[in-house]
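Reading the structure
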Amino acid sequence: MTTRTIRARDRPVFGVDVHSGDVRGDSPSYALVILDPVDEDDPDAPDADGPMARVTRDVVSFRKLCRLIDDREPLYVATDNAYELAADKNELVGFLRSLPDGTRLVQVTGAERPEPLSRVASRHGIPYGKEPMKEAEAAARLAAANVGHEVTAFTDETTVKVSRGRSTGKGGWSQDRYTRRIHGNVRKRTRQVQSKLNEANLDFERDVTEKYGGYANATFTVAARPEDIPVSDSRAGDVRVEVERERRDGIEYEPLVKRRDRVIVGIDPGTTTAAAVVGLDGTVHALYSSRTGDTAEVTEWIVEQGRPIIVAADVEPMPETVEKFRRSFDAAGWRPTTDLPVDEKLHRTREASYDNDHERDALAAALYAYDDHEDQFERIAAKTPPRLDREAVIAGVVAGGSSVEAVVEDLSEDDGDGDDGGDEAEADPTEPERTEEEETIRRLRERVDRLESHAESLEEDLDERDDRIAELESELEEAKREERIEARTRRAVSRLERETDRLERERDEARERVEDLERKVETLKELWRLDHSNFGDVAEGQGLVSVKIVEQFTLDALDAADEAYGLVAGDVVFLRDASGAGRRTAERLAEAEPRAVIRGEGNLSDVADEVLFERAVPVVPADAVPVREVDELAVASEEALVEAVDEWEERAEQRRRDEKAERIDRIISEHRAGRTLPETEE
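So, a few notes on the structure that sits alongside this text. (Residues numbered from 1 in each chain as written. Predicted model: local features only at pLDDT ≥ 70, side-chain atom pairs only at ≥ 80, totals over all residues. Heavy atoms only, no water.)

Bringing the nonpolar core into the picture now. If you look at the biggest cluster of nonpolar residues, it comprises 39 residues, and the most contacted ones within it are Phe553, Leu575 and Leu589. Ranked by the residues each element gives to this core, the list is headed by helix 17 (residues 638-681), at five residues. Not counting residues up to four positions away in its chain, the partners in contact with Phe553 are Leu558, Leu575, Asp577, Ala578, Ser579, Ala581, Thr585, Ala586, Leu589, Leu604 and Ala608. Counting residues in each nonpolar core, the second largest holds 28 residues, with Ile264, Ile310, Ala369 and Phe377 among its members. (Core = buried A, V, L, I, M, F, W, Y, C linked by side-chain atoms within 4.5 Å. Buried < 20%, exposed > 50% of the residue type's maximum accessible area, 1.4 Å probe, protein only. Helix = DSSP H or I, 4+ residues; strand = E, 2+ residues; numbered from the N terminus. Contact = heavy atoms within 4.5 Å.)

Written out as structure tokens, the structure reads:
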């Protein structure tokens, strides 16, 4: 190992990677590597050149992993992607909440936009392999070296709540004393918690709810993590204590060590001074703006973010204020050939969030400076040996103005002077000096190693790009397929719309033809009625007689029939419903002097029957004279009608004789009654 030799801490470090299955599926298994701390004085400790830790490797289920975390309480649980331990954000928050106090989940590949694990491991001199177990070990070693970001869903504030452990009940003889005792115990426990927080010199705020005899509850908001608070969850008798960290709005990534990495700084001076810090990989680290901040305050803020190697401005020439910042940091300067247009600034900063135009201008300057030096950074990184700090080499070349070889040689010499010296420092002093040819061979071999490492990195990038291209081609093919389906759907819809329009036109034309034909039929009927107003010639020579239909034996129905085809003397009238007529209705029908009346459903009322009988209007049943209807016309058999009328005449004659006999009998009875009455009086 090199200067980045991992020294394990007092607590173990877990490295985790998915071994088989899928976290979104059923029962995934995990490759687990545990780095246990080893005392350097232990005779069984590994060699000094190796990691000062015992390595345990195993394949475990998620449940067993959680159980091991609870039992061992590791310092870090390291992984290359936090979402290998949770299917979504809610599950990740639940996993973070389940971790023991002091255990942190670490994503060693970066924050929201992680790098490939192979690249991070290579940069820090950590052995790497593509197998899940080797990736888990690389993650554990990187976390042990404080490489990576802590994944957190909670703030550094903790809520300690002291409350009642029992209900005060519904009442009773001792209700007041019982309630007073509970509230008094809550107050007593609150004071104990407050005393412990004060002894630990922790900042906190207290909020209490006073009740009868003491406190109902008390809440302490403490500016510390749960592991730093001398109070834990408990429940004893009347009092319950709950310790819970404050939840953030989302998932955040915090670096394990506030490294002062080399950065690019963009500055926009003026009434409002703004600054932007961008990493050597183009990642936006932080933004700053202030109307009241002086140069010292801005400088202090930049120092907190990192060590600038480039200070950039967005205008030409570089403002004097920006030049002062550049000189104070002994950094290289960057400025555009001409002032950056606003539309280009907006386009370059479209993926970042900023509060005002000044921060946008500072960020645009830093990003354009990165774009201008990106190829140079890659060339320097390719020439940098794996054991050296790539950013230190870039800083020496860009800000120091030296060649890559000179900076590498200087850093190699500095590395050899340290406690963890390289091969030369550890070489046997009795070994003869290398010849010039051997030294050349050594340098060439080192260069070959660097080139092979760079080639491997490029191959990995190429594989990733090939995978991305295949993914995009698949998406493109899917989009084309959906577009073809949509085009076919549009054509089908257009065809159906045209067919619908054609059918609607044909329907409208058919309706118009029907209306024209109906009007013609009505006209023909009207002409026919005008030519055959008495309907007499319809049945002439066929043994039939025309019949005029009256729907109901009412005045309105008689008037409607008279208006439609006229009621004249000698007509045969068919009453479809003969019931309900009164004297006036019967007289109205009798005035038309019909030849006969055919009675359909219902019976004539006595009044109507009497009127028609007195007017000598024959009334015959429909059973005796069947009526055949054709549209608005009706006919009946002349022979049947004559027979029915003859029968009615016979019945009418018999009825007249009966009525005449009845009148005679009544007259005789009245006469006899008149003669008997005087004799009785005598």
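Working note: regular strand, side chains alternate between the two faces of the sheet. In the sheet, strand 6 (residues 149-164) pairs with strand 10 (residues 239-255) via twelve bridges, with the strands oriented antiparallel. If you follow Arg164 over to strand 10, its bridge partner there is Val239. One ladder, built from three bridges, connects strand 9 (residues 234-236) with strand 10; its direction is antiparallel. Along strand 10, the bridge assignment pairs Ser234 with Val241. Counting the residues in the hairpin turn of strand 9 and strand 10 gives two residues, including Gly237, whose phi is positive at 65°. (Pairing = 2+ DSSP bridges.)

Note on placement: Gly600 falls in strand 18 (residues 596-601). For Gly600, a relative accessible area of 19% gives the class buried. Expressed as a C-alpha distance, the spacing of Gly600 and Glu551, which sit 49 residues apart in the sequence, is 9.7 Å. Leave out the neighbours within four places in its chain, and Gly600 touches Phe574, Leu575, Arg576 and Ala622.

Once that is clear, we can look at the packing of helix 15 (residues 583-591) against helix 16 (residues 606-614). One way to put it is that helix 15 packs onto helix 16 with a least axis distance of 8 Å and a crossing angle of 30°. On the basis of their axis angle, the class for helix 15 and helix 16 is roughly parallel. Both helix 15 and helix 16 take part in a crossing whose hand is right-handed. Residues Arg583, Ala586, Glu587, Leu589 and Ala590 of helix 15 lie in contact with helix 16, whose contacting residues are Val607, Ala608, Val611 and Leu612. (Axes fitted to C-alpha atoms, helices over the stretch in contact; angles between N-to-C directions. Parallel < 35°, antiparallel > 145°, perpendicular 65-115°, else oblique. Left-handed = near helix turned anticlockwise from the far one by under 90°.)

Now for the pattern of salt bridges. Per the counting criterion, the structure on display carries 37 salt bridges. For the salt bridge of Glu499 with Arg502, the shortest nitrogen-to-oxygen distance reads 2.2 Å. You can see Glu499 and its partner Arg502 sitting in helix 13 (residues 436-531), three residues apart, about one turn around the helix. Between Arg519 and Asp516 there is a salt bridge, with its nearest N and O atoms 2.0 Å apart. (Salt bridge = Lys/Arg side-chain N within 4 Å of Asp/Glu carboxyl O.)

The subject of this paragraph is helix 15. Burial in helix 15 covers these residues: Thr585, Ala586, Leu589 and Ala590. One side of helix 15 carries all its buried residues, which in axial view fall inside an arc of 135°. Exposed side chains of helix 15 directed beyond 90 degrees from the buried face belong to Arg584 and Glu591. Buried residues along helix 15 sit against helix 14 (555-565), strand 17 (572-577), strand 18 and helix 16. Phi turns positive, to about 55°, at Glu593, one or two residues after helix 15. (Arc of directions from axis to C-beta.)

Structurally, Glu131 can be placed in the loop between helix 3 (117-123) and helix 4 (132-144). For Glu131, a relative accessible area of 42% translates into the label partly exposed. With 114 residues separating them in the primary sequence, Glu131 and Asp17 have C-alpha atoms 9.4 Å apart.

This brings us to the packing of aromatic side chains. On inspection of all chains with the given rule, the structure shows six aromatic pairs. Aromatic side chains Phe204 and Phe220 sit 5.7 Å apart centroid to centroid with 65° between the ring planes, which places their arrangement in the edge-to-face category. You can see Phe204 sitting in strand 7 (residues 204-211) and its partner Phe220 sitting in strand 8 (residues 214-222), a full 16 residues away along the chain. A relative accessible area of 0% places Phe220 in the buried class. Feature note: the residues Tyr30, Phe62 and Phe95 constitute an aromatic cluster, connected by ring pairs. The side chain of Arg655 reaches across the aromatic face of Phe613, ending 3.8 Å from its centre. (Phe/Tyr/Trp six-rings, centres within 6.5 Å; stacked < 30°, edge-to-face > 60°. Lys NZ or Arg CZ within 6 Å of the ring centre and 35° of its normal.)

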